[in-house]
Amino acid sequence: MATNSFFVNLDQIFILLRNWLVGFLPAVLRPAAGVVLGVIAIVCVFPGLFALTTVFERKGLGRIQNRIGPNRVGPYGLLQPIADGIKSLTKEDIVPLSANAAVHFLAPMVLVVTVFMGFAVLPMGRNMVLVDMDAGLLFFFAMGAATELSVFMAGWSSRNKYSLLGAMRAVAQMISYEVVLLLSSVSVVMITGSLSLPKIVAAQSQYTNGFPHWYIFTPWGLAGFIMYAIAATAETNRSPFDLPEGESELVAGYHTEYSGFKFALFFLGEYLAMFSISGLGTTLFLGGWSAPFSFLTWVPSWFWFFGKVMLSIFVFIWMRGTLPRLRQDQLMNFAWKFVLPFTLLNLLVTALWRFMGEGWARWVVCTVILVAAYVVMGRLEMRSEHFGRRSYRYAE
Amino acid sequence: MSLTFYLLAALTLAGGLAAVLLKHLVHCALAVTVAFAGLALLFLQLDAQFAGFAQILVYIGAVAILIVFAILLTRGSDLPKDGVFSKTWYLGLVIAAGVFAVLGWAVLASVRAIPQQDVVPTVTVHDIGIALVGRYVLPLEIVALLLTAATIGAVIVAMHEKERAK
């Protein structure tokens, strides 16, 4: 019994810590102070993770490319992000002469603020959600939509052709894949019947024979998760969808003209967007903070959430080291001719799953439909495409 | 009326005024975005979560981006030499005043027509969803049909040019 309550306390350690700290204040201030502490925790933890991830990514990419990666600052190069941080803080902040100063200044702030807002609704552990909103998922996507504007602001205000091209590519790409991102999440909402993220996690944290009810373990959930992952990679401008900032084509895309700490803010915003979108994917399809097996439920829930997020980050890095960049027309064709129709079909399959009731019949029917659609759309249709020599098309 | 309301109203009005008065088209588009954000916050202040988030998602995420794209893809991002203000601005003022009068009359009339409720109704996203596919399913379907027609129209317009190029 004693060990049991120890694990319960470990699971709720951050909540207990917050309540203990808030306890020092008069009762009137307590709710507000609790929220402020939650915000401070988010604002500290995710940039910390960002610092770790930069080392992790450079090391990982180094290994994939058969080199060692950063190894000079601190043991195994672990202090590299601190050196990078000091460097970007002390660098001169250059604003181009013809740049639109106000918009140029605002763009990185808008990006970082909107990305941070998204974390407010993510359940990072049992009871660990800053705002338990009735329309949490909608809030998350609303904030994601606002980041597009900051990308445009950055690209346009720099008065640089590379920046503007990067921004145009980024916005076109984000609009196309945002549709898929939303529609693939809708299937989860259809099954759960709620837009509240804690409720979605609660619906998945049940076990039969020791295995969890994660949505990824259903035919529609697996298809939805794959579509979500593709769209998430494109939304965060990660390779193989990194056209907006492809260094070999556009210097650095929309943030070419940013230096010093503003550049660091863009860098931070991009990684934070990766964390938040992985966090949402974890919440929607991978069971959020729930344990992968029922005998592992004693492990603290926040461990599982952050573990799953870091696993997704690892997959992001792995893909970046492995896949070549797409071309713009390939990117658009892929979004509108394959991913979007497949996601729409997945919505129908989800509805079918919902109304066929329990039993093995729905497993067979849904799997057959999805596999058949993949074979027809992804394989047979491709056969009619003639992949000849690479041709280059230029804008008229 | 609380302080929050006045702050948000000031933000929205400032955004709207800036959108009309600024000289640079892209600045105007960004100012419109501020006005949209102010409206969304007003909805949220009234506890209308769905309307507020939908406002951000649709107006900031899609409409503002569309405006900006339209400005960039046409030549509108350069400053015209003979000023951006139309010579028939007073006509626009008359039309705007007329629209405002009709809307204001409709709002004021509805206050008189519908008796004041003491209890603030709580409308959840769930309720809105039920209403949309229940009572208002026909308008929803008509709007969906209209949007599909518009999408197909856009695709046809885009395709036409490609065929001519061949």
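Just so it is clear, the model here is predicted, and its values are computed rather than measured.

**Student:** Help me understand the overall build of chain B, please; the structure alone is not making it clear to me.
**Tutor:** When helices and strands are tallied, chain B shows six helices and zero strands. Written out in order from the N terminus, the α and β elements of chain B read α-α-α-α-α-α. Within chain B, the proportion of its 166 residues that are buried is 19%. Nonlocal contacts in chain B, meaning residues at least 24 apart in sequence, comprise 53% of its contacts between residues at least 6 apart.

**Student:** Help me out: how do you make sense of the overall build of chain A in this one?
**Tutor:** For chain A, the count of helices and strands is 14 helices and two strands. Over its C-alpha atoms chain A spans a radius of gyration of 22 Å, differing by no more than 12% from the 21 Å that the globule rule assigns to 396 residues. Buried residues in chain A amount to 48% of all 396 residues. Here the contacts in chain A between residues at least 6 apart in sequence split such that 76% fall between residues at least 24 apart.

**Student:** What exactly am I supposed to notice about empty space enclosed by the protein here?
**Tutor:** Rolled over the atoms, a probe sized like a water molecule indicates the empty space that remains. All names here are of chain A. Here the structure, examined in full by the defined rule, presents one cavity of 30 Å³ or more. In this structure, the largest cavity occupies an estimated 300 Å³ of space. At the level of elements, α5 (101–118), α6 (136–157), α7 (161–192) and α11 (260–285) are the ones that each hand at least two residues to the lining of the largest cavity. The leading source of residues in the lining of the largest cavity is α6, at six residues. Split into classes, the residues belonging to the lining of the largest cavity amount to eleven nonpolar, eight polar and three charged.

**Student:** Can you walk me through the nonpolar core in this structure?
**Tutor:** In summary, soluble globular proteins display a tendency toward joint burial of nonpolar side chains. Residue and element names in this part refer to chain A. Formed by 108 residues in total, the largest nonpolar core has its most connected members in F46, F119, M124, F275, L280 and L284. Looking at this core element by element, the count peaks at 15 residues for α6. Apart from residues lying up to four places away in sequence, L280 is in contact with L122, L137, F140, F141, L197 and Y228.

**Student:** Could you clarify how one ought to interpret the pattern of salt bridges in this entry?
**Tutor:** Where charged atoms from two side chains of opposite charge approach closely, those side chains can pair. Residue and element names in this part refer to chain A. Counted according to the given criterion, the structure contains four salt bridges over all chains. Taking the shortest distance from any N to any O, the salt bridge between E57 and R238 comes out at 2.9 Å. Here the residue E57 occupies a position in helix α3 (residues 30–64), and R238 occupies one in the loop between α9 (219–235) and α10 (247–250), the gap between them amounting to 181 residues. Exposure remark for E57: the relative accessible area of 2% places this residue in the buried category. Between R58 and D84 there is a salt bridge, and its shortest N-O distance comes to 3.2 Å. Separated by 26 residues along the polypeptide, R58 in helix α3 and D84 in helix α4 (residues 80–90) bring together distant segments of the chain. Look at R58 and you get partly exposed, because its relative accessible area is 36%. Its relative accessible area of 27% is what places D84 among the partly exposed residues.

**Student:** Looking at this structure, I do not really get the side chain of A:E178. What am I missing?
**Tutor:** Mapped onto the elements, A:E178 comes out in helix α7. Despite its burial, A:E178 pairs with no opposite charge; the closest candidate is A:R169, at 18 Å N-O. In contact with A:E178, other than residues within four places in its own chain, are A:F141, A:G144, A:A145, A:E148, A:E235 and B:L57.

**Student:** Would you explain the confidence of the model for chain A in this entry?
**Tutor:** Low pLDDT means the predicted atomic positions in that stretch should not be read closely. Here chain A shows a mean pLDDT of 82. Residues at 70 or above account for 95%. The secondary structure element of chain A with the lowest average pLDDT is α10(A), at 71, and the one with the highest is α9(A), at 89.

**Student:** Any chance you could explain the interface of chain B and chain A here in plain terms?
**Tutor:** Where interface size is given, it is often the accessible area lost as the parts come together that is meant. Taken residue by residue, the interface counts 21 residues in chain B and 25 residues in chain A. Here chain B packs against chain A, burying approximately 2000 Å² in sum over the two surfaces, 84% of which is carbon and sulfur. Counting the surface chain B buries against chain A, the share from its top three residues, B:F53, B:L57 and B:I65, is 28%. Summed over the shared surface of chain B and chain A, the number is zero salt bridges. Viewed at the interface, chain A and chain B are joined by two residue pairs in polar contact (both at pLDDT 80 or more). Going through the elements one at a time, α2 (25–45) and α3 (49–73) of chain B are the ones with two or more residues in the side of chain B that touches chain A. Partitioned by chemical class, the residues of the side of chain B that touches chain A number 15 nonpolar, six polar and no charged.

**Student:** In this structure, what is going on with the packing of aromatic side chains? I would like to understand it.
**Tutor:** Two aromatic rings are characterised by how far apart their centres lie and by the angle between their planes. Residues and elements named next belong to chain A. Summed over the entire model, instances satisfying the criterion amount to 27 aromatic pairs over all chains. Taking the centre distance of 5.4 Å and the plane angle of 55° together, the rings of Y177 and F241 count as tilted. Pair noted here: Y177 is in helix α7 and F241 is in the loop between α9 and α10, with a separation of 64 residues, a long-range link. Like F241, Y177 is buried.

**Student:** Just to check I follow, could you spell out the domain arrangement of chain B for this structure?
**Tutor:** What the domain assignment lists for chain B is domain 1 (1–78) and domain 2 (123–166). For domain 1 of chain B and domain 2 of chain B, the distance between their C-alpha centroids amounts to 23 Å.

**Student:** Explain the packing of α6(A) against α7(A) here, please?
**Tutor:** The axes of two packed helices give the description: the angle between them and the distance between them. All names here are of chain A. At a minimum axis distance of 8 Å, the contact between α6 and α7 shows a crossing angle of 175°. With respect to α7, the axis of α6 lies roughly antiparallel. Of the residues in α7, those touching α6 at L137, F141, G144, A145, T147, E148, V151, F152, G155 and W156 are S163, L164, A167, A170, V171, M174, I175, E178, L181, L182, S185 and V189.

**Student:** What is the right way to read the environment of A:T256 from this model?
**Tutor:** Considering the arrangement of structural elements, one finds A:T256 in the loop between α10 and α11. Sequence separation between A:T256 and A:S158 is 98 residues; the distance between their C-alpha atoms is 8.2 Å.

**Student:** Help me understand a nonpolar patch on the surface, please; the structure alone is not making it clear to me.
**Tutor:** All names here are of chain A. On the surface, L352, M356, W360, W363, V364, V365 and V368 cluster together to form a nonpolar patch covering roughly 670 Å² of accessible area. Secondary structure elements with two or more residues in the nonpolar patch: α13 (328–356) and α14 (360–384). It is α14 that contributes the most residues to the nonpolar patch, five residues altogether. Tracing the backbone through its elements, the reader meets V368 in helix α14.

**Student:** What should I look at first to understand helix α12 (residues 301–322) of chain A in this one?
**Tutor:** Residues lying three or four places apart along an α-helix face the same way, a consequence of the helix completing one turn every 3.6 residues. Between the first and last C-alpha of α12(A) there are 32 Å, a value that for 22 residues agrees with the 32 Å anticipated at 1.5 Å per step. Residues A:S301, A:W304, A:F305, A:F306, A:K308, A:V309, A:S312, A:I313, A:F316 and A:I317 constitute the buried set of α12(A).

Reading the values: the criteria
Residues numbered from 1 in each chain as written. Chains lettered and ligands numbered in written order. Predicted model: local features only at pLDDT ≥ 70, side-chain atom pairs only at ≥ 80, totals over all residues. Heavy atoms only, no water. Helix = DSSP H or I, 4+ residues; strand = E, 2+ residues; numbered from the N terminus. Buried < 20%, exposed > 50% of the residue type's maximum accessible area, 1.4 Å probe, protein only. Contact = heavy atoms within 4.5 Å. Rg over C-alpha atoms; globule rule 2.2 N^0.38 Å. 1 Å grid on protein atoms, 1.4 Å probe; cavity = no way out; pocket = protein on both sides within 12 Å on 5 of 7 lines; lining within 4 Å. Points joined across faces, edges and corners; volume = space filled by probe spheres on them. Nonpolar A, V, L, I, M, F, W, Y, C, P; charged D, E, K, R; others polar. Core = buried A, V, L, I, M, F, W, Y, C linked by side-chain atoms within 4.5 Å. Salt bridge = Lys/Arg side-chain N within 4 Å of Asp/Glu carboxyl O. Lys, Arg positive; Asp, Glu negative; His and termini not counted. pLDDT = per-residue confidence, 0-100. Buried area = accessible area lost by both parts, 1.4 Å probe. Polar contact = N/O pair within 3.5 Å; in protein donor to acceptor, adjacent residues only side chain to side chain. Phe/Tyr/Trp six-rings, centres within 6.5 Å; stacked < 30°, edge-to-face > 60°. Domains from an automatic or database assignment. Axes fitted to C-alpha atoms, helices over the stretch in contact; angles between N-to-C directions. Parallel < 35°, antiparallel > 145°, perpendicular 65-115°, else oblique. Patch = residues over 30% accessible without salt bridge, like charges linked within 9 Å, V, L, I, M, F, W, Y side chains within 5 Å. Areas by Shrake-Rupley, 256 points an atom, 1.4 Å probe, with all protein chains shown as cover. Expected span 1.5 Å × (residues − 1).

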